[in-house]
Amino acid sequence: MKTKVLIIGAGLTGLSAAYHLEQAGFYDYLLLEAAPTPGGLCKSTERQGFTFDKSGHLLHLRDPYALDFFRRLLPLHRLERNAVVYTQGVQIPFPFQAHTHLLPQPARGVCQSGLKNPPAIKHPKTLQEWGLAAFGPGVYQYFLKPYNTKLWGADPANMTAEWCGAFIPPAQAKSGQKLGYNAHFYYPVKGGAEAVIRALAARVKHLQTNTAVHTIHWPLKTAHTARGPVAFERVLSTAPLPDFLRLGGLGALAKPLTAAPIRVLNVAVKHPFNRFHWAYFPDEDAPFYRVGVQSAFSPANAPEGCASFYVELPGNTRPSPQEETHILSALAQKGIIKKEAVLFTFWQYLPHAYALYDFARTPAVQQAVRRLEGLGALLAGRYGLWEYSFMERGFLQGRQAALDLLKDLA
Ligand SMILES: Cc1cc2nc3c(=O)[nH]c(=O)nc-3n(C[C@H](O)[C@H](O)[C@H](O)COP(=O)(O)OP(=O)(O)OC[C@H]3O[C@@H](n4cnc5c(N)ncnc54)[C@H](O)[C@@H]3O)c2cc1C
């Protein structure tokens, strides 16, 4: 096989690249996907009338082109965020830093005085310094530190601050605005998050599933795939960056790149629940760091009178039956589920969920990008670029990669 453009991975980013190439009338590309169906992380599982995503997958659409595109692509609900934080024995609205007046003492006093007088740190380099400078020691001690330590499995003092501004909302909103990038969001009316993928994949002609790229021979510009060799002129990878480097014999560049894995316990229950869309759990009394309500995103996600949850935990170890019982007990103890109403549960594992922003990450990504650019490769997507990002960004990066390729190949 021979193609001008080889795209590796048919998640949202790879599909977007293929779609935008076709929109420009360019069909000399091949989109290869290792899995039997496209979608990557944006896939959904149907069970007994319930639809579960791979933990929450909500569309945060701010770019006018993306918003218009997805609204035309498929029917979407628009929802106003209802998120809470369980901490210190109370439930307060998210974000924590904007609702410290609702905390019990002594947390309230410590957080509020810190917010009034945060330490002056001119150029915060670590997540710890960033949190202290933005909100003071109280919010850092009671929320940012314990929550992020749980999620990333790393000490905020050893993590960089470069992703914080985009994802952690300030303590005060500008007038007329709601706090955070996810103050409202969109979600498919039917079919879970994967409905987005199905609609987009239907508009893409040269997608081949069950076709993993096993190795890349750079001098011959040939990919060895599950269905034989493919000669290419340019390659766009949306596969996890460390994997892509290894495919082409550049594994040494991947060594500094690490990720925080997560495990998700999906729970279906025979009672309704509509108190929040998702909740954060910074304290040690909960083994999980976040719980989302899948059934709250669309009535089509669960049978009437039932609810469904995704419970996110750090790590990649297989849970013992005792661990699952402990998680369900913690959910029941917090009044989220009734244990006797549990219909079924199942686990999902996301081995490289969050690219770890330690001090090795950014120089290593930059070095890898330079090396791969020199070989004519482009990278896009949350894992392709080994970054903290979301669906809209992947979609736009796929479009940009298509435009860059069209320019180069013209
Ligand atoms: C826990 C969690 C929650 C999230 N929640 C949200 C959310 O609510 N909203 C949001 O906008 N974003 C969310 N995201 C981010 C979102 O999942 C990603 O931004 C987006 O889905 C990434 O799409 P992608 O196509 O870049 O990568 P992927 O979805 O990872 O797709 C890459 C594809 O490449 C394929 N592949 C890999 N290697 C090869 C190979 N060698 N050969 C062929 N194919 C290969 C894989 O099988 C996969 O299908 C979340 C992420 C996580 C981890």
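Rules behind the numbers
- Residues numbered from 1 in each chain as written.
- Predicted model: local features only at pLDDT ≥ 70, side-chain atom pairs only at ≥ 80, totals over all residues.
- Heavy atoms only, no water.
- Axes fitted to C-alpha atoms, helices over the stretch in contact; angles between N-to-C directions.
- Helix = DSSP H or I, 4+ residues; strand = E, 2+ residues; numbered from the N terminus.
- Parallel < 35°, antiparallel > 145°, perpendicular 65-115°, else oblique.
- Contact = heavy atoms within 4.5 Å.
- Core = buried A, V, L, I, M, F, W, Y, C linked by side-chain atoms within 4.5 Å.
- Buried < 20%, exposed > 50% of the residue type's maximum accessible area, 1.4 Å probe, protein only.
- Expected span 1.5 Å × (residues − 1).
- Arc of directions from axis to C-beta.
- Phe/Tyr/Trp six-rings, centres within 6.5 Å; stacked < 30°, edge-to-face > 60°.
- Lys NZ or Arg CZ within 6 Å of the ring centre and 35° of its normal.
- Pairing = 2+ DSSP bridges.
- Domains from an automatic or database assignment.
- Buried area = accessible area lost by both parts, 1.4 Å probe.
- Salt bridge = Lys/Arg side-chain N within 4 Å of Asp/Glu carboxyl O.
- Polar contact = N/O pair within 3.5 Å; in protein donor to acceptor, adjacent residues only side chain to side chain.
- Nonpolar A, V, L, I, M, F, W, Y, C, P; charged D, E, K, R; others polar.
- Near = heavy atom within 4 Å.
- Areas by Shrake-Rupley, 256 points an atom, 1.4 Å probe, with all protein chains shown as cover.

Peer 1: Now, about the packing of helix 2 (residues 64-73) against helix 6 (residues 194-201): what can you tell me, with residues and values included?
Peer 2: Two numbers describe how helix 2 lies on helix 6: the axes approach to 10 Å, and their chain directions differ by 85 degrees. As far as their axial angle goes, helix 6 and helix 2 are roughly perpendicular. Mapping the contact onto sequence places F69, F70 and L73 in helix 2 and V196, A199 and L200 in helix 6.

Peer 1: Any chance you could break down the nonpolar core for me, citing the residues and the numbers?
Peer 2: Grouped burial of nonpolar side chains is what soluble globular proteins tend to show. F96, W152, W163, I168, Y280 and Y354 are the most contacted members of the largest nonpolar core, which has 47 residues in total. Elements supplying a minimum of two residues to this core: strand 6 (83-87), helix 3 (107-116), helix 4 (127-152), helix 5 (164-167), strand 8 (184-188), strand 13 (259-269), strand 14 (278-280) and strand 17 (342-355). Looking at this core element by element, the count peaks at 12 residues for helix 4. Every residue in contact with Y354, bar those within four places of it in the chain, is listed here: L151, W152, A259, A260, I262, Y289, R290, R382 and Y388. L15, Y19, F69 and A193 belong to the second-largest nonpolar core, a separate cluster that totals 40 residues.

Peer 1: How would you summarise helix 9 (residues 321-333) if you had to cite specific residues and measurements?
Peer 2: When the terminal C-alpha atoms of helix 9 are compared, their 18 Å separation across 13 residues agrees well with the 18 Å that a helix rising 1.5 Å per residue should span. Within the sequence span of helix 9, burial applies to E324, I327, L328, A330 and L331. One side of helix 9 holds all its buried residues, which, seen down the axis, span an arc of 155 degrees. Facing away from the buried surface of helix 9 by more than 90 degrees, the exposed residues are P321, Q322 and Q333. Of the surrounding secondary structure, the elements contacted by the buried residues of helix 9 are strand 13, strand 15 (290-293), strand 16 (307-314) and strand 17. One or two residues past the end of helix 9 sits G335, with phi positive at roughly 75 degrees.

Peer 1: Could you give an account of the packing of aromatic side chains, naming the residues involved and the relevant values?
Peer 2: What the rule picks out here adds up to 38 aromatic pairs. Plain terms: the ring middles of Y147 and Y289 are 5.9 Å apart, the flat faces sit at 75 degrees to each other, and that makes the pair edge-to-face. With Y147 in helix 4 and Y289 in the loop between strand 14 and strand 15, the pair connects residues that are 142 residues apart, well separated along the chain. Side by side, Y147 and Y289 carry an identical accessibility label, which is buried. Ring plane angle 80 degrees and centroid distance 6.5 Å describe the contact between W152 and Y357, whose orientation is recorded as edge-to-face. Of this pair, W152 sits in helix 4 while Y357 sits in the loop between strand 17 and helix 10 (361-374), placing them 205 residues apart in sequence. Overall, the relative accessible area of 4% leaves W152 in the buried class. Exposure remark for Y357: the relative accessible area of 5% places this residue in the buried category. A connected cluster of aromatic rings, assembled from ring pairs, spans W152, W163, F167, Y354, Y357, Y388 and F390. Looking at R382, its charged tip hangs above the ring of Y354, at a distance of 4.9 Å from the centre.

Peer 1: Before we move on, can you summarise the sheet that holds strand 13 with the specific residues and values?
Peer 2: One open sheet accounts for seven strands, arranged 7-6-14-15-16-13-17; its pairing is mixed. The two strands at the open ends of the sheet, each matched to only one other strand, are strand 7 (90-93) and strand 17. Geometrically, the sheet is characterised by an average inter-axis angle of 20 degrees between neighbouring strands, direction not taken into account. In this structure, strand 6 lies alongside strand 14, joined through three bridges in parallel fashion. Residue pairing across strands places V84 opposite A279, the latter belonging to strand 14. With respect to the sheet, helix 4 is in contact with strand 6, strand 13, strand 14, strand 15, strand 16 and strand 17, its orientation differing from that of strand 17 by roughly 95 degrees.

Peer 1: Which residues make up the domain arrangement of the protein chain, and what are the values?
Peer 2: The extent of an interface is frequently quoted as the accessible surface area lost upon association of the parts. Segmenting the protein chain into domains produces domain 1 (2-44 + 55-77 + 189-256 + 357-409), domain 2 (83-181) and domain 3 (259-355). Once you take the C-alpha centre of each, domain 1 and domain 2 turn out to be 34 Å apart. Tallying the contact residues gives 10 residues for domain 1 and 10 residues for domain 2. Summed over both sides, the interface between domain 1 and domain 2 buries roughly 980 Å², with carbon and sulfur atoms accounting for 71% of that surface. Linking domain 1 with domain 2 are one salt bridge. Between R361 and E162 there is a salt bridge, with its nearest N and O atoms 3.9 Å apart. Linking domain 1 with domain 2 are two residue pairs in polar contact (both at pLDDT 80 or more), by the criterion used here. Split into classes, the residues belonging to the side of domain 1 that touches domain 2 amount to four nonpolar, three polar and three charged.

Peer 1: Give a description of the site of the ligand that names residues and reports values.
Peer 2: Around the ligand there are 34 residues in total, and T13, E33, H57, L58 and M391 lie nearest to it. At 3.1 Å from an oxygen atom of the ligand is found a main-chain nitrogen or oxygen belonging to L12. Between L58 and the ligand, the recorded distance is 2.7 Å, taken from a backbone N or O atom to a nitrogen atom. Within the complex, 90% of the 1,000 Å² of free accessible area of the ligand lies under protein. Elements with a minimum of two residues in the shell around the ligand: helix 1 (12-23) and strand 17. A total of three residues in the shell around the ligand trace back to one element, the largest contributor, which is strand 17.

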